[in-house]
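# Structural features, examined
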Amino acid sequence: MNHLSMESLLSLREPGREPGTATAQEHLHQCPQCQAELERLHQRVARLKALPALRPGRDRWPETAARYRAERARRRTRLAGFTGLGGLAAAASVALVLSLGRPTPSADPTTEQLQEAMVRSQALETALGAYNPDGRVLDGRTARMAQELEDRIARVDRELEATELLRQQARDQELLRLWRERVGLLDALVDVHVTRASNAGL
Amino acid sequence: MESSLLAQAETVIARARTGDPEALGALYRAFESPVYNLARRICRTSEDAEDVLQETFFEVCRSIGRYREEGSLWGWIRTIAASKALMRIRRNKYRDTDELNDQVMGRRQEDSHLRMDLEAALERLSETSRAVVWLHDVEGYTHDEIGAMMGKTASFSKSQLARAHSRLRQWLGEEVA
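Residue numbers restart at each chain and count upward from 1, following the sequence in its written direction. Lettering for chains starts from A, numbering for ligands starts from 1, and both go in the order in which the items are written. Selection of residues for local features in this predicted model requires a pLDDT of at least 70, selection of side-chain atom pairs for listing and counting requires 80 or more, and totals for whole chains, interfaces and linings are taken over all residues.

For the rest of this paragraph, the subject is the overall build of chain B. A run of DSSP states H or I qualifies as a helix once it reaches four residues; a run of E qualifies as a strand once it reaches two. Both are numbered from the N-terminal end. Counting its regular elements, chain B contains 10 helices and 0 strands. Listed N to C, the secondary structure of chain B is α-α-α-α-α-α-α-α-α-α in terms of helices and strands. Residues with at least 20 other C-beta atoms within 10 Å of their own are called buried, those with 12 or fewer are called exposed, and the rest are partly exposed. The C-beta atoms themselves are positioned from the backbone. Taking all 177 residues of chain B together, 38% fall into the buried category.

Here it is, written out as structure tokens:
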């Protein structure tokens, strides 16, 4: 006689939830060995449930709380950084406008595009600040998207600071590229917070 | 869950949502033990389980604002803990086979003569099998839920459970005469 497999016994254990086949039920009804096996299975699970609760050897809350505090502080700094760079963008825009106001042999298209990107970046930061994303509740997916965008913006900001080391012409091109990237990321971040778009395609 | 927290759960959760450190600490104290127990039953070492405990509560602190109170708070925290523990064992996958443990420990030949206690037998299972046994038989997750948490199918969970019980039966000396 073929006895029931462990998988069949497990299915029979929970009628309704893991339904076994009628054949298996019929076999069980007639086979004392499989009945004994099923009983052992029940007892094993009961013993598993009765195992004593294990406790951590040391208190991990101080570390956890410190890590959480650090992350909150980092987040606040980052948002403040957005505002700070917004100010920088405004100052740079004024400087560019003044520079454009001067008679020059030929208007540099890079300068105009750069100014445009800075103004757009500033407008997006204002919109984001007005929305107060830190005070809102987000679902897990949206929060992850926002987090990733904020990280990428922080990376662009670091690169923007580093452009100071470049030569004038290379710097303008790099600044334009970075400010455009920043505008794109801020745009996506505003989109995530305001519309909570679920398919930003990160 | 501590009865003192149970009595004022709504207030504590509301305060925790604002980032109140005292309320977050109260949540930790209330659920520290069950979270650690679940993590320790799934993970190979107490160090891994303590890391899972920390990861779980870090996530709870970050995400308590997103807890919708649709299910129990423990159910929500337990799912976070289970996910973190499964993530941890995925990272440790290189050592996640009974066969490897058997070879390293040189005990395969002795299996039929050994009568281990349940704790030792559970410990000896692979992390994946042990996780399935614990989540299904003790915590009450369904095979569909376990499969989803592991990024596998319900059938994978079922076959892991059957394999684990066959091994437990053997190691516990429960063979039918």
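Here we take up the overall build of chain A. The number of helices and strands found in chain A is 7 helices and 0 strands. When the helices and strands of chain A are read in sequence order from the N terminus, they spell out α-α-α-α-α-α-α. In chain A, which comprises 202 residues, the proportion classed as buried is 20%. We call two residues in contact when the distance between their C-beta atoms, placed using the backbone, is within 7 Å. A sequence separation of at least 24 residues applies to 70% of the contacts in chain A between residues at least 6 apart.

With that out of the way, let us pick up the packing of helix 1 (residues 6-13) of chain A against helix 3 (residues 32-49) of chain A. Residue and element names in this part refer to chain A. Only C-alpha atoms enter the line fits that serve as axes; for helices the fit covers just the stretch in contact. Angles between N-to-C directions range over 0 to 180 degrees. Packing of helix 1 against helix 3 leaves a shortest axis separation of 10 Å and a crossing angle of 65 degrees. Relative to helix 3, the element helix 1 is oriented roughly perpendicular. Note that helix 1 runs across helix 3; the crossing there is right-handed. Counted together, Leu9, Leu12 and Arg13 of helix 1 and Glu37, Leu38, Leu41 and His42 of helix 3 form the full contact between these two elements. Roughly parallel refers to an angle under 35 degrees, roughly antiparallel to one over 145, roughly perpendicular to one between 65 and 115, and oblique to any angle outside these ranges. Handedness of a crossing is defined here by the sense of rotation of the near helix relative to the far one, left-handed for an anticlockwise turn of less than a right angle and right-handed for a clockwise turn.

This part is about the interface of chain A and chain B. Listed as interface residues are 31 residues of chain A and, on the opposing side, 35 residues of chain B. The set of elements that each furnish at least two residues to the side of chain A that touches chain B consists of helix 1, helix 3 and helix 4 (61-101) of chain A. Looking at the side of chain A that touches chain B element by element, the count peaks at 10 residues for helix 3 of chain A. In this count, Pro and Cys sit with the nonpolar residues alongside Ala, Val, Leu, Ile, Met, Phe, Trp and Tyr, while Asp, Glu, Lys and Arg are called charged and the others, Gly among them, polar. Here the residues of the side of chain A that touches chain B sort into 15 nonpolar, 4 polar and 12 charged.

This brings us to the packing of helix 4 (residues 46-63) of chain B against helix 5 (residues 73-91) of chain B. All names here are of chain B. At their nearest, the axes of helix 4 and helix 5 sit 9 Å apart, and the two run at 135 degrees to each other. Classified by the interaxial angle, the pair formed by helix 4 and helix 5 is oblique. As for how helix 4 packs across helix 5, the hand of that crossing is right-handed. In contact with Asp48, Asp51, Val52, Glu55, Thr56, Glu59 and Val60 of helix 4, helix 5 contributes Ile77, Ile80, Ala81, Lys84, Ala85 and Arg88. Classifying every residue of the contact of helix 4 with helix 5 gives 6 nonpolar, 1 polar and 6 charged.

This part covers the confidence of the model for chain B. Residues and elements named next belong to chain B. pLDDT expresses how confident the predictor is about each individual residue, on a scale running from 0 to 100. Mean pLDDT over chain B stands at 84; residues scoring 70 or higher make up 81%. A low-confidence stretch, residues 103-114 (pLDDT under 50), is modelled with 5 contacts involving residues beyond four sequence positions or located in other chains. Both scores are available for the predicted complex, with the pTM at 0.63 and the ipTM at 0.82.

A word on helix 3 of chain A. Multiplying 1.5 Å by the helix residue count minus one yields the expected span of that helix. Look at helix 3 of chain A: 26 Å from first C-alpha to last across 18 residues, which is about the 26 Å you get at 1.5 Å a residue. When helix 3 of chain A is considered as a whole, its buried residues turn out to be Cys34, Glu37 and Leu41 of chain A. Mapping the buried residues of helix 3 of chain A onto a view down its axis gives an arc of 55 degrees, with all of them on the same face. Turned more than 90 degrees from where helix 3 of chain A packs its buried face, Pro32, Glu39, His42, Gln43 and Ala46 of chain A sit exposed. Lining the buried residues of helix 3 of chain A we find helix 1 and helix 2 (22-30) of chain A together with helix 10 (154-171) of chain B. As used here, the arc belongs to the directions running from the helix axis to the C-beta atoms.

This brings us to the confidence of the model for chain A. Residues and elements named next belong to chain A. In the predicted model, chain A carries a mean pLDDT of 75, and the fraction of residues at 70 or more is 67%. By mean pLDDT, the top-scoring element of chain A is helix 3 (92), and the lowest-scoring one is helix 4 (67). Low confidence marks residues 100-105, where pLDDT is under 50. Its contacts with residues over four positions away, or in another chain, come to 1 contact. Under a pLDDT of 50 for its full length, residues 197-202 has, in the predicted model, 9 contacts with residues more than four places off or in other chains.

A few words now on the environment of Leu27 of chain B. Residues and elements named next belong to chain B. Relative to the assigned elements, Leu27 resides in helix 3 (residues 21-42). Overall, Leu27 belongs to the buried group, with 23 C-beta atoms counted inside 10 Å. If we ignore the near neighbours within four places in the chain, the residues touching Leu27 are Val12, Ala16 and Val60.

Between the first and last C-alpha of helix 4 of chain B there are 25 Å, a value that for 18 residues agrees with the 26 Å anticipated at 1.5 Å per step. All of the buried residues along helix 4 of chain B are Ala49, Glu50, Val52, Leu53, Gln54, Glu55, Thr56, Phe57, Val60 and Cys61 of chain B.

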